Amino acid sequence: MKIKKPIIIASLILVACFIFLSSIYFIYKPTDKFYKYTYINDINVSGLTLKEAKEKLTTSWNSNKVTVIYNNVSEVISLNDLDLSYDIDKELDKIKNKLSYGEKLKYFFHMKNKYNINMKTKSTEEFSKVIKQLNLCNNENRERTKNAYIDLSSKDFNVIPEEIGTEVDPSRVEDEVLTHINLGKFNIKLVDENIIKQPEITSNSKEIKEELEYYKKNFNYEIEYDVDGDKIILTPEQMNNMVKYENDDAQFNKKQINKFVNSLAEKYNKYNKTYNFKTSYGSTIQVQGITYGRILDEDAEIKYLKKALKNKKSDKHELNWSQNFYSNSENDGIGNSYIEVSISGQHVWCYKNGECVVSCDCVSGQPGHDTYRGVFTVEWVSGPMTLKGENDDGSKYESKVNCFMPFYGGQGLHGSNNWRSSWGGNIYKYNGSHGCVNCPDWAAWEMHNIVEAGYPVVIY
């Protein structure tokens, strides 16, 4: 049987096509370089290795300048200044090694294969730095964005809503600029909704709801102090700084508790401070506190505060003093019961509840053995005893007294009839004591019957 000529020709053509296409397949195998006529992002990468192509694309891409526009003000950034790197290795490898027949045919006929890839990049430290230096990120005169918070100044626990200000968030600007760069868009118009700083906590957020529940559970009580007419009520904020509760277990912040107690001591202690004192002469003078005064017992106060915070119950508390005023707060805290000694007047007054019960002349310390000035307390009270000491020439002395009321450094008030018959005037200047306040026996004994340890002694 004769085969028709057209069929033979067609068969030959098919065989030739198969051989041609097969040859193309084997000719354009994966290689370490891009084939001729390869263009990526309109950049000719023919004959380049993957690394060389990446460098060429990066160099070309980084030659671009980014124009950032905000509030009709433009700022220009050069990509070369941003130290950016691009994650494009996988896409370049795919273009180089996974060619379709269509792409191979184009190469065979010297036709260009054009590709477009996204220049994927990530932020860098230098990029963040450049963004922060933009004028649009200068928030000096802009209103700050504020988070919602709970007002802890009272037990009302009011939720103060968030406020969106006008300050720009550099991190949001960075994200916007980076997104546009990755898309090949270099003219970027920024709008407020994309770059204004947003509050991290809103009034309806989970954090606020949890905080509100915590505060109402743990700080819905009052600790109140009343000192010298000052009413001090600890705020929930102060208490929250002092203690945290975990499953009702109180974890104390010792630093904050000590700080608060120290502030009470600093404000209300009256020790080694200057007092305003109204003298028996009618004038008001200032005298330095030496051993007299009010001292807060800080250890006791810290212990009390921890207990109160742990109990979580309202309480009105009177402060604990390791040393307190003797009678009341008159005379700036010296009170209305005290012994007053005027060195210049050489006179002693003893007051009890505001009434002068003893008044007498005295002899104080001779120059060189001056009686101490200031505000002191009687250390203890004794009946008849013998005072012993040393004279300036080194000789010893022994002086019997009917009573003794020491106030500081061995000095005290006592009777002196055993060696004196007169008091007052200028006697102290040439025949004064070794520092004690010498009184007539009768006056010393009457004071001995009135005063006790802690009784104030004011000497000026």
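So, how was this worked out
- Residues numbered from 1 in each chain as written.
- Predicted model: local features only at pLDDT ≥ 70, side-chain atom pairs only at ≥ 80, totals over all residues.
- Heavy atoms only, no water.
- Pairing = 2+ DSSP bridges.
- Helix = DSSP H or I, 4+ residues; strand = E, 2+ residues; numbered from the N terminus.
- Core = buried A, V, L, I, M, F, W, Y, C linked by side-chain atoms within 4.5 Å.
- Buried < 20%, exposed > 50% of the residue type's maximum accessible area, 1.4 Å probe, protein only.
- Contact = heavy atoms within 4.5 Å.
- Axes fitted to C-alpha atoms, helices over the stretch in contact; angles between N-to-C directions.
- Left-handed = near helix turned anticlockwise from the far one by under 90°.
- Patch = residues over 30% accessible without salt bridge, like charges linked within 9 Å, V, L, I, M, F, W, Y side chains within 5 Å.
- Areas by Shrake-Rupley, 256 points an atom, 1.4 Å probe, with all protein chains shown as cover.
- Salt bridge = Lys/Arg side-chain N within 4 Å of Asp/Glu carboxyl O.

1. Regarding the pairing of strand S3 (residues 65-70)
Okay, step 1: Direction of pairing for S3 relative to strand S4 (residues 73-78): antiparallel, over a ladder of six bridges. Its bridge partner lying in S4, Lys65 is registered against Ser78.

2. Side note on the sheet that holds strand S5 (residues 113-115)
Okay, step 1: Strand order in the open sheet formed by three strands is S2-S1-S5, and the pairing between neighbours is mixed. Looking at the sheet topology across the chains shown, the edges are occupied by strand S2 (43-44) and S5.
Okay, step 2: Pairing of strand S1 (residues 38-40) with S5 involves three bridges; the strand directions are parallel. Each residue of the ladder has a partner; that of Tyr39, found in S5, is Lys114.

3. Here's the deal with the nonpolar core
It is characteristic of soluble globular proteins that their nonpolar side chains tend to be buried jointly.
Okay, step 1: One finds Ile40, Val66, Leu79, Leu136, Val173 and Val177 to be the most contacted residues of the largest nonpolar core, which totals 43 residues.
Okay, step 2: Put simply, the parts of the chain that give this core at least two residues each are helix H2 (50-61), S3, helix H3 (89-97), helix H5 (125-132) and helix H6 (170-182).
Okay, step 3: If sequence neighbours within four positions are ignored, Val177 has contacts with Val66, Val68, Phe127, Ile131 and Ile188.
Okay, step 4: One finds Ile208, Tyr221, Leu296 and Ala308 within the second-largest nonpolar core, a separate group that totals 32 residues.

4. Side note on the packing of H5 against H6
Okay, step 1: Their axes nearest at 10 Å, the elements H5 and H6 cross at an angle of 115°. For H5 against H6, the interelement crossing comes out right-handed. Contact residues: Phe127, Ser128, Ile131 and Lys132 in H5; Pro170, Val173, Glu174, Val177, Leu178 and Ile181 in H6.

5. Here we look at the sheet that holds strand S19 (residues 338-342)
Okay, step 1: Read from one edge of the open sheet, five strands run S21-S20-S19-S28-S22, paired in mixed fashion. Two strands lie at the open edges of the sheet, namely strand S21 (355-361) and strand S22 (374-377), each paired on one side alone. Shown here is a sheet whose adjacent strand axes are inclined to one another by a mean of 15°, direction ignored.

6. Examining a nonpolar patch on the surface
Okay, step 1: Taken together, the side chains of Phe108, Phe109 and Met111 define a hydrophobic patch exposed on the protein surface, amounting to about 290 Å² of accessible area.
Okay, step 2: Its place among the elements puts Met111 in the loop between helix H4 (101-108) and S5.

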